[in-house]
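# Chain and residue survey
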Amino acid sequence: MSNVHDNEILSYEINLKQNKIVIHTEYIIPNKTENTTIFFYDVLAHFFETQLPGSIIFDIDTYDIHHFITENKEILEKHKNYSWPMDYTTIDELEGKLIQEQYKYFIISSSYGLSGWVLAKKYEINVIEM
C-alpha cells in the first residue's frame, strides 16, 4: 500500500447508507502531484476531530479490536443504551461481536488538523500520479 504520510486532506465523504468513508488527499513534490483516495469499507463507526483546512495526515495505523475497546471504554459505556456502535449488553460482548465480524480499528494521526479513528472491515488506498 502507498504511504499517506504528509498528504493534505482535501475533502472527505461519509456515506452512512453504504457504510463507506472516502478521504481525498493530495501530496505535492517538485514536478509531481499525487492525488490519493483512501477508502474505508463496511464502516461501523468513526470519530473525527480538529478538522482544519490544510489538515496533514501523519499516518494511518491498524490496530486490533482490543485496542479499540481499551481506548474508547468511556464513550462505549456512555452510548451503550443507544445501540452504538451496535446493540450489546456488556463491553466483553461487544468486543466478541466486533472480533467475530472481523472489524479493525484504524487510527488516523495527523501532523496538523484532522485526526481520529474508523472502525471498519477494510481500507484501501488509490494513488493517481499527475
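See the structure shown above.
Quick look at the structure, then. Numbers given for residues are sequential positions, taken from 1 along each chain in its written order. Thresholds applied to this predicted model are a pLDDT of at least 70 for local features of residues and 80 or more for the giving and counting of side-chain atom pairs; totals over whole chains, interfaces and linings are not thresholded and use all residues. Values reported for side chains reflect all heavy atoms of the structure, with hydrogen atoms and water molecules removed beforehand.

## Here's the deal with the environment of glutamate 124
Only DSSP runs of H or I reaching four residues or more are called helices, and only runs of E reaching two or more are called strands; each is numbered from the N terminus. By secondary structure assignment, the location of glutamate 124 is in strand β8 (residues 122–129). Considering only alpha carbons, one finds glutamate 124 and tyrosine 112, 12 residues apart in sequence, at a separation of 22 Å. Here a polar contact is recorded for every N or O atom pair within 3.5 Å, except that within protein the pair must consist of a potential hydrogen donor and a potential acceptor, and residues adjacent in sequence are included only if both atoms are side-chain atoms. Side chain to side chain, glutamate 124 and tyrosine 41 meet in a polar contact 3.2 Å long.

## Thoughts on the nonpolar core
One finds Ile23, Ile38, Phe40, Ile60, Ile108 and Val118 to be the most contacted residues of the largest nonpolar core, which totals 17 residues. Put simply, the parts of the chain that give this core at least two residues each are β2 (20–29), β3 (32–41), β5 (56–63), β6 (104–112), β7 (115–120) and β8. When neighbours within four sequence positions are excluded, valine 118 is seen to be in contact with Ile21, Phe40, Val43, Ala45, His46, Phe48, Lys104, Tyr105, Phe106 and Ile108. Formed by 15 residues, the second largest nonpolar core is a distinct cluster that contains Leu76, Leu98, Trp117 and Leu119. Side-chain atoms within 4.5 Å are what join buried Ala, Val, Leu, Ile, Met, Phe, Trp, Tyr and Cys residues into a set we call a nonpolar core. Buried residues are those whose accessible area, probed at 1.4 Å on protein chains only, stays under 20% of the maximum for their type, while exposed residues exceed 50% and partly exposed ones sit between those limits. By the convention used here, residues are in contact when the closest approach between their heavy atoms is within 4.5 Å.

## Details of unusual backbone geometry
At the junction of tryptophan 84 and proline 85, the peptide bond is cis and its omega measures out at 0 degrees in the coordinates. As for its position among the elements, proline 85 is in the loop between α2 (73–79) and α3 (91–100). Look at aspartate 6: it is not a glycine, yet its phi comes out positive at around 70 degrees. Structurally, aspartate 6 is set in the segment before β1 (8–15). The exposure class of aspartate 6 is partly exposed, given its relative accessible area of 34%. Residues other than glycine seldom take positive phi values, yet serine 83 does so here, at roughly 60 degrees. Relative to the helices and strands, serine 83 resides in the loop between α2 and α3.

## What to know about the pairing of β6
Two strands are counted as paired when DSSP detects at least two bridges linking them. In this structure, β5 lies alongside β6, joined through 7 bridges in antiparallel fashion. Paired with isoleucine 57 across the bridge in β6 is serine 110. Pairing geometry for β6 and β7, over 5 bridges, is antiparallel. Note that in β7 the partner of phenylalanine 106 across the bridge is valine 118. Where β6 folds back onto β7 in an antiparallel hairpin, the turn is made up of 2 residues, including glycine 113, whose phi is positive at roughly 85 degrees.

## A short note on the pattern of salt bridges
A pair is scored as a salt bridge if a Lys or Arg side-chain nitrogen falls within 4 Å of a carboxyl oxygen belonging to Asp or Glu. For the structure on display, the rule yields 3 salt bridges. Residue glutamate 129 is joined to lysine 32 by a salt bridge in which the shortest nitrogen-to-oxygen separation is 3.8 Å. Here lysine 32 lies in strand β3 and glutamate 129 lies in strand β8, a separation of 97 residues in the sequence. Owing to a relative accessible area of 52%, glutamate 129 belongs among the exposed residues under this scheme. Measuring nitrogen to oxygen at the nearest pair gives 3.5 Å for the salt bridge that ties glutamate 93 to lysine 97. Residue glutamate 93 and its partner lysine 97 are both found in helix α3; the two are separated by 4 residues, about one turn of the helix.

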